[in-house]
Amino acid sequence: MSGPLLLVVPVDRTILRRSATMRAKLKNKLADAIHIATAVETGCSHLLSEDRRLQLPETVVRLRALDLDGAEDR
């Protein structure tokens, strides 16, 4: 399921602990906090999301689908 643009990783205790900390700090829903914590733990610098309510840490940049339009042409 993983590929050059997608990495699928199992959720472990480290990710769950970080998600709890981030959820308390950023006030995201649990599922969102797990996604964000997984991104941070794996060194991801960008997260694709259309959810404007999603709060991200300063180390992660939100990308919208429109940001990717034509990206393969660059």
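Shown above is the structure to which this text applies.
Just so it is clear, the structure is predicted and the values come from calculations on it, not from any experiment.

### What to know about the side chain of Ser49
The residue Ser49 is located in the loop between strand E1 (46-48) and strand E2 (61-63) in this model. Among the residues examined, Ser49 registers a relative accessible area of 13% and is labelled buried. From its side chain, Ser49 meets the backbone nitrogen of Asp51 in a polar contact 3.1 Å long. Contacts of Ser49, omitting those with residues within four sequence positions, involve Leu54, Arg62, Leu63 and Arg64.

### A look at the packing of helix H1 (residues 13-26) against helix H2 (residues 30-41)
Taken N-terminus to C-terminus, the directions of H1 and H2 make an angle of 120°; their axes are 8 Å apart at the nearest point. It follows from the interaxial angle that H1 and H2 lie oblique. Considering only the axes of H1 and H2, their crossing is right-handed. Where H1 approaches H2, its residues Thr14, Ile15, Leu16, Arg18, Ser19, Met22 and Arg23 are matched on the opposing element by Leu30, Ala33, Ile34, Ile36, Ala37, Thr38, Val40 and Glu41. A per-class count over the contact of H1 with H2 returns nine nonpolar, three polar and three charged.

### Things to note about H1
For H1, which comprises 14 residues, the first-to-last C-alpha distance of 19 Å matches the rise-based estimate of 20 Å (1.5 Å per residue) to within 8%. Of all the positions in H1, only Ile15, Ser19, Met22 and Leu26 are classed as buried. All buried residues of H1 project into a common sector of 70° when viewed along the axis, lining one side. Of the exposed residues in H1, those oriented more than 90 degrees away from the buried face are Arg13, Arg17, Thr21 and Ala24.

Scoring rules and cut-offs
Residues numbered from 1 in each chain as written. Predicted model: local features only at pLDDT ≥ 70, side-chain atom pairs only at ≥ 80, totals over all residues. Heavy atoms only, no water. Helix = DSSP H or I, 4+ residues; strand = E, 2+ residues; numbered from the N terminus. Buried < 20%, exposed > 50% of the residue type's maximum accessible area, 1.4 Å probe, protein only. Polar contact = N/O pair within 3.5 Å; in protein donor to acceptor, adjacent residues only side chain to side chain. Contact = heavy atoms within 4.5 Å. Axes fitted to C-alpha atoms, helices over the stretch in contact; angles between N-to-C directions. Parallel < 35°, antiparallel > 145°, perpendicular 65-115°, else oblique. Left-handed = near helix turned anticlockwise from the far one by under 90°. Nonpolar A, V, L, I, M, F, W, Y, C, P; charged D, E, K, R; others polar. Expected span 1.5 Å × (residues − 1). Arc of directions from axis to C-beta.

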